[in-house]
Amino acid sequence: MKNIISELQWRGLVHDIMPGTEEQLLKEMTATYIGFDPTSDSLHIGSLVPIILLVHLKNFGHKPIALVGGATGMIGDPSGKSDERNLLDEATLNHNVEGIKAVLSRFLDFNATDANAAVLVNNYDWMKGLSFINFARDVGKRITVNYMMAKDSVKKRLAGEGEGMSFTEFTYQLIQGYDFYHLHKEYNCLLQMGGSDQWGNITTGTELVRRMNVGEEAKAYAMTCPLITKADGSKFGKSEGGNIWLTADKTSVYKFYQFWLNTTDVDAEKYIKIFTFLDKDTIDALIEEHKTAPHLRVLQRKLAEELTVFVHSAVELEKAIKASNILFGNATADDLKELDEATFLEVFDGVPQAEIARNEMEAGIDIITVLNDKTGFFKSNGEARRALTANSISVNKEKVKEDFVLSTTNLINNQFVLLQSGKKNYFVVRVV
C-alpha cells in the first residue's frame with residue numbers, strides 16, 4: 001500500500017495519530033469512517049477537510065465510510081461548545097440527513113461495487129432498536145465515569161461559567177463510541193478520523209472496541225486533522241454574509257469562487273495543500289511562481305479553480321469566472337444575460353440602485369431621462385448628454401448614443417438593467 005499518512009502529513013492534515021495507525025494503513029486495505037452531524041440540510045466548507053480525507057482514503061486504496069449522525073444528531077455533540085445545543089425535531093433531522101447524504105454523494109460513489117467502494121451509513125439505523133437498559137448494561141458498563149470525565153470536551157463544559165452539561169450530552173461520547181464498535185463489527189472498520197476537537201470521542205470509541213472484543217478483534221485506531229484557521233486567527237469558513245456552503249442554493253457558485261479567490265497569500269499557500277489534490281511538485285512550483293509575482297494571485301486563482309470544480313463542476317467554474325469578469329474584465333452583453341438573478345445581485349452587491357415602474361419601461365424612456373431624472377446616476381441632463389457624446393455610457397455592456405430608448409427588451413432576467421459610465425462606475429436599474 002502507498003503511504004497515505006506521509007501524504008497527509010506534508011499537506012498539513014495530521015494533528016494526532018494513535019500508535020500503530022500508519023503501520024495498519026501500510027499493511028492492508030483499511031475501512032475508515034468519519035462522521036457528519038446533521039445540524040443543517042447541507043454542509044459548509046468546514047466539512048471539506050473530512051470529505052477530502054475520505055477521498056484521499058479511496059484514492060490510496062482504503063475503504064471510506066461516511067456516517068451521517070441521524071441518532072447522534074438527536075443529542076448534539078458537546079465538543080467545542082460552551083452551551084447545550086437546541087435539539088432538532090425528528091422531521092427536521094430526517095430532512096437534514098437526506099440533504100447531507102446528497103452532498104456526500106457528489107464526492108464519493110456509494111453505488112460502486114469495487115472492493116474499497118465507499119459506504120454511506122446512518123447511525124439511527126442501528127441505534128433505533130437499542131433499548132436504554134441494554135445500552136447501559138452492555139456499553140455503559142465498559143467505560144467508567146472517571147474515563148469520560150477526563151475528556152477535554154467534558155472538563156471544559158464542567159469548568160465553564162454556563163449551566164454545565166446535561167446527562168444527554170454527557171452520553172454523546174458513548175453513543176459515538178458505539179458507532180465505532182458497530183462499524184468495527186459489521187465492516188471490519190479499524191480507524192476513525194475527524195477534527196482535532198473529536199479526539200476524545202474517537203478514543204472513547206477505540207477503548208470501547210478494545211473492551212468489547214478480545215485479541216486481534218480488539219484492534220482500533222484513531223487519527224485527527226487540525227481545525228483549519230486563518231492566518232489572522234479569525235474563524236475559517238465564514239464570510240461577511242455567513243457560512244460558505246457546499247450547495248449552490250445556500251452559497252452561489254460565484255460567491256464560493258470569490259471566497260477562495262480573496263484568500264490571503266499566507267492562507268493560500270496553506271490551503272492549496274489541504275484543499276486540493278495537486279501533487280507536491282505542482283504545488284511547490286505554484287508557490288514559487290506566486291512569490292515571483294504575488295500581484296497575479298497565481299495561488300488564489302488555482303485554489304479557486306480547483307475547489308470550484310471539485311465542489312460544483314467545470315461548467316460552473318466557467319460561469320463563475322465569466323461573472324467575475326463582468327466587473328473586472330472584458331465581459332460581453334451575452335455574459336451578462338447568462339447570469340441568474342442571485343448571481344447578478346451578488347456581482348453588483350453595493351452598486352447604487354434605483355427602481356423604475358414596469359409600465360414606464362414598456363412605453364420606453366430616453367436614455368438621458370434614465371441617467372438623470374429616473375436614477376440620479378448623473379446630476380443633470382447636460383452632464384448625461386456630455387457623457388453620451390464622449391461615448392462613455394453603456395447599457396448592459398453595450399455602448400449607446402443619445403438617441404437610445406430604454407425598454408423592456410433590454411431587461412436582464414426580465415428585471416434588471418445595468419448602466420455603466422466609463423470602466424468602473426456602475427448603476428443597477430430594477431424594474432418593479
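Residues numbered from 1 in each chain as written. Predicted model: local features only at pLDDT ≥ 70, side-chain atom pairs only at ≥ 80, totals over all residues. Heavy atoms only, no water.

- Under an unreviewed UniProt entry, the name given to the chain is Tyrosine--tRNA ligase, and the source organism is Flavobacterium muglaense.
- Turning to the chain, the UniProt annotation filed under Sequence similarities (unreviewed entry) states: "Belongs to the class-I aminoacyl-tRNA synthetase family. TyrS type 1 subfamily."
- Of the chain, the UniProt comment under Catalytic activity (unreviewed entry) reads exactly: "tRNA(Tyr) + L-tyrosine + ATP = L-tyrosyl-tRNA(Tyr) + AMP + diphosphate + H(+)". (UniProt positions renumbered as here; feature names shortened; annotations may be inferred.)

1. Some thoughts on the side chain of Ser40
Okay, step 1: Within the secondary structure layout, Ser40 lies in the loop between strand S2 (31-36) and helix H3 (48-59).
Okay, step 2: Of the residues examined, Ser40 reaches a relative accessible area of 14% and is grouped as buried.
Okay, step 3: Here the side chain of Ser40 touches Ser42 through a polar contact of 3.4 Å, landing on its backbone nitrogen. (Helix = DSSP H or I, 4+ residues; strand = E, 2+ residues; numbered from the N terminus. Buried < 20%, exposed > 50% of the residue type's maximum accessible area, 1.4 Å probe, protein only. Polar contact = N/O pair within 3.5 Å; in protein donor to acceptor, adjacent residues only side chain to side chain.)

2. Details of the nonpolar core
Okay, step 1: In terms of nonpolar packing, the biggest core is built from 61 residues, with Phe36, Ile45, Leu53, Leu104, Leu246, Trp260 and Phe275 touching the most fellow members.
Okay, step 2: When sequence neighbours within four positions are dropped, the list of residues in contact with Leu53 reads Leu8, Leu13, Ile34, Met193, Met223 and Cys225.
Okay, step 3: With 29 residues, the next largest nonpolar core counts Tyr33, Phe170, Tyr172 and Tyr178 among its residues. (Core = buried A, V, L, I, M, F, W, Y, C linked by side-chain atoms within 4.5 Å. Contact = heavy atoms within 4.5 Å.)

3. Quick look at the packing of aromatic side chains
Okay, step 1: Enumeration according to the criterion identifies 15 aromatic pairs in this entry.
Okay, step 2: Here Tyr33 and Phe180 contribute two aromatic rings whose centre-to-centre distance is 5.7 Å and whose plane-to-plane angle is 70°, an arrangement assigned as edge-to-face. Taken together, the residues Tyr33 in strand S2 and Phe180 in helix H10 (residues 172-187) connect sequence positions 147 residues apart. For the residue pair Tyr33 and Phe180, the accessibility class agrees, reading buried in each case.
Okay, step 3: Centroid distance Phe256 to Trp260: 6.1 Å. Interplanar angle 65°. Geometry classified as edge-to-face. In this pair, Phe256 and Trp260 both sit in helix H12 (residues 253-261), 4 residues apart, roughly one turn of the helix.
Okay, step 4: Phe256 sits in the buried class, given a relative accessible area of 0%.
Okay, step 5: Accessibility expressed as a relative area gives 0% for Trp260, which makes it buried.
Okay, step 6: Put simply, the rings of Phe256, Phe259, Trp260, Tyr271 and Phe275 touch in pairs and so form one group of aromatic residues. (Phe/Tyr/Trp six-rings, centres within 6.5 Å; stacked < 30°, edge-to-face > 60°.)

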